[in-house]
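# A structural walkthrough
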Amino acid sequence: MRGRIRGAIVGVAAIILLVLGIPLAIVVHRQALDAEVVELQAKAATALTEIEAPPDPRQLARVADEPDAPEGFAVYDLDGRRIYGSGPSRADAVVDRALGGETASSTDGSLVVATPITERGSEQVTGVLRITESMAGADARSRAAWLVMAVAGVAALGLAWLIGNRLARMLAAPLTDLAADAATIGEGADLGGRPPSGIDEIDEVASVLADRARLVHEALQRESRFSADVSHQLRTPVTALRLKLESDADPAIGASTRSDALADLDRLEQTIEHLLAVARQAMPTAVDVISLDEAVQDAAGRWDERARRTDRRVRVAEAESETTARIRRASVDEILDVLIENGLRHGAGTTTLSVRHLPHGLAVDVADEGTGIELLDAERIFERGYTTGSGKGIGLGVAQSIAEAEGGRVVLSRHQPTTFSLLLAARPPDPLGS
């Protein structure tokens, strides 16, 4: 940005200098020529005082021998013939005008001044004095003026660069500060303490950014407090229920039922801790290598009984070989639970779980025999709060968040039959060869 601002200001200055400088250079050269012509006319007037009318070649020779006599002069008679000096043998256009009684000049290739020679008292033209001079003097004057103009132009460009650099800093520094402030949104920093930049538009953006940052910080604080409160409030009844199940010796509750209930409580506690870790981006760094086949078998076992109550089934497709992945088991369990529940709620028929290999990864598919999802719904199916049925529109969004935290993704891989897939990158080879 700074470079573009400097370049724009220097470019505009250069264009202005060219637009004004080229015509000015032409005018300066024209003035230099005019000044040389005036000096040449003064020389011609001085020479005329020494020439008597009508001009005589012998008398002209004596004038030419004078120390102040002009160089390169010639005299023409009324017929336009040269009678003395160096110049065209016949009168040219400048001499012809002078024969008409007026002083004439030309700057075409060289400086030429022609002045009529008149008789004293009658002012009758008896001849023409023609003086020639090279353009060297006028060119020297022009070059000196152009050099001054060039130096002034370079100085102007340098000044424009300095102004552009200062203006670029003035504009870029507040924007850089805004970018730095925007990067800290969510960290609780106060963005309203910066002094005004002096640029109304930037100060307005900074004020809006500070207000929004404060709202985001307050929302994050409320979410953090809510997560902690939910965690605390859920742990209390879960702990009480666990103590009741472990201490209650009611024979009506079989040992198997009690064991299953305690296992469900264990999973509930693990789910609470796992979801809180995902929400707070505080997932453990250690990741185990797990068996995906075992994970889908366990998931099918958890949901098959509930599916049978609604005349549905959850089954696992036969796998060709054992498949492992480097991912947290709790994450896989949570994602599969969401996908299976989604299939049982919105799908139809048997829900089938399968594991397959991809060219550069793995996929865990959860498919049912439903009629499919419309294309317009498929574009928004993972948005939180969006649902195609009676649900809350949260489950798929939660599954996607967990998958992304693990470096994977949940996608709708087929529309009919409806198939959701958990995509995982292939596990890199163990450097120890295990």
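### Quick word on the overall build of the protein chain
- Secondary structure summary: the protein chain contains 10 helices and 12 strands in total.
- Considering only intrachain contacts with a sequence separation of at least 6, the fraction spanning at least 24 residues in the protein chain is 62%.
- Element-wise, carbon and sulfur atoms account for 56% of the exposed surface of the protein chain, whose accessible area totals about 25,700 Å².

### Here we look at the sheet that holds strand β11 (residues 409–414)
- With mixed pairing, 5 strands are arranged side by side in an open sheet as β7-β9-β10-β12-β11. Edge strands, defined here as strands with exactly one partner in the open sheet, are β7 (314–316) and β11. Sheet twist, expressed as the mean angle between neighbouring strand axes with direction ignored, is 25°.
- With 7 bridges connecting them, strand β9 (residues 351–358) and strand β10 (residues 361–367) associate as antiparallel partners. Among the inter-strand pairings, leucine 358 is bridged to a residue of β10, identified as glycine 361.
- Against the sheet, helix α7 (residues 292–308) touches β7, β9, β10 and β12 (419–425), its axis set at about 160° to β7.
- Against the sheet, helix α8 (residues 329–346) makes contact with β7, β9, β10, β11 and β12, and its axis sits at roughly 30° relative to β10, the strand it touches most.

### Quick word on the packing of helix α1 (residues 2–48) against helix α4 (residues 136–183)
- For the pair α1 and α4, interaxial distance at closest approach is 8 Å and the crossing angle is 165°. In terms of their interaxial angle, α1 and α4 are classed as roughly antiparallel. Judged by the twist between their axes, the crossing of α1 over α4 is right-handed.

### Focus: helix α10 (residues 395–405)
- Inspection of α10 places Leu396, Gly397, Ala399, Gln400, Ile402 and Ala403 among the buried residues, and these make up the whole buried set.
- Glycine 407 occupies a position one or two residues after α10 and carries a positive phi of about 85°.

### Thoughts on a negative patch on the surface
- Taken together, Glu50, Asp65, Glu66 and Asp68 make up a surface patch of like negative charges.
- In this structure, aspartate 65 sits in the loop between α2 (57–64) and β1 (73–76).

### What to know about empty space enclosed by the protein
- One pass over the full model with this rule turns up 1 cavity of 30 Å³ or more.
- Taken together, Leu339, Asn342, Gly343, Thr351, Val366, Ala367, Asp368, Thr418, Thr419 and Phe420 make up the lining of the largest cavity.
- Only α8, β10 and β12 provide two or more residues apiece to the lining of the largest cavity.
- The element contributing the most residues to the lining of the largest cavity is α8, with 3 residues.
- By residue class, the composition of the lining of the largest cavity is 4 nonpolar, 5 polar and 1 charged.

### A word on the nonpolar core
- Counting 35 residues, the largest nonpolar core has Leu292, Val314, Ile335, Ile340 and Leu353 as the members making the most contacts within it.
- For this core, the elements supplying multiple residues, two or more each, are α7, β7, α8, β9, β10, α10, β11 and β12.
- Those residues in contact with leucine 353 that sit more than four places away from it in its chain are Val296, Ala299, Ala300, Val314, Arg315, Val316, Ala317, Ile340, Asp365 and Val366.
- Grouped together as the second largest cluster of nonpolar side chains are 17 residues, Leu33, Leu60, Ile117 and Ala138 included.

### Some thoughts on unusual backbone geometry
- Positioned with a positive phi, aspartate 311 is a non-glycine residue whose angle comes to about 60°.
- Mapped onto the elements, aspartate 311 comes out in the loop between α7 and β7.

### Considering the pattern of salt bridges
- Tallied over the full model, the rule gives 18 salt bridges.
- Among the salt bridges present, the one from aspartate 79 reaches arginine 81, with a minimum N-O distance of 3.7 Å.
- A residue is classified by how much of its surface remains accessible, and aspartate 79, at 52% relative accessible area, is exposed.
- Arginine 81 sits in the partly exposed class, given a relative accessible area of 43%.
- For the salt bridge of glutamate 341 with arginine 345, the shortest nitrogen-to-oxygen distance reads 3.6 Å. Of this pair, glutamate 341 and arginine 345 both sit in helix α8, 4 residues apart, which is roughly one turn of that helix.
- Beyond isolated ion pairs, a larger network of salt bridges with shared partners links Glu294, Asp298, Arg329 and Asp333.

Rules used in this analysis
- Residues numbered from 1 in each chain as written.
- Predicted model: local features only at pLDDT ≥ 70, side-chain atom pairs only at ≥ 80, totals over all residues.
- Heavy atoms only, no water.
- Helix = DSSP H or I, 4+ residues; strand = E, 2+ residues; numbered from the N terminus.
- Contact = heavy atoms within 4.5 Å.
- Areas by Shrake-Rupley, 256 points an atom, 1.4 Å probe, with all protein chains shown as cover.
- Pairing = 2+ DSSP bridges.
- Axes fitted to C-alpha atoms, helices over the stretch in contact; angles between N-to-C directions.
- Parallel < 35°, antiparallel > 145°, perpendicular 65-115°, else oblique.
- Left-handed = near helix turned anticlockwise from the far one by under 90°.
- Buried < 20%, exposed > 50% of the residue type's maximum accessible area, 1.4 Å probe, protein only.
- Patch = residues over 30% accessible without salt bridge, like charges linked within 9 Å, V, L, I, M, F, W, Y side chains within 5 Å.
- Salt bridge = Lys/Arg side-chain N within 4 Å of Asp/Glu carboxyl O.
- Lys, Arg positive; Asp, Glu negative; His and termini not counted.
- Charge placed at Lys NZ, Arg CZ, Asp CG, Glu CD.
- 1 Å grid on protein atoms, 1.4 Å probe; cavity = no way out; pocket = protein on both sides within 12 Å on 5 of 7 lines; lining within 4 Å.
- Points joined across faces, edges and corners; volume = space filled by probe spheres on them.
- Nonpolar A, V, L, I, M, F, W, Y, C, P; charged D, E, K, R; others polar.
- Core = buried A, V, L, I, M, F, W, Y, C linked by side-chain atoms within 4.5 Å.

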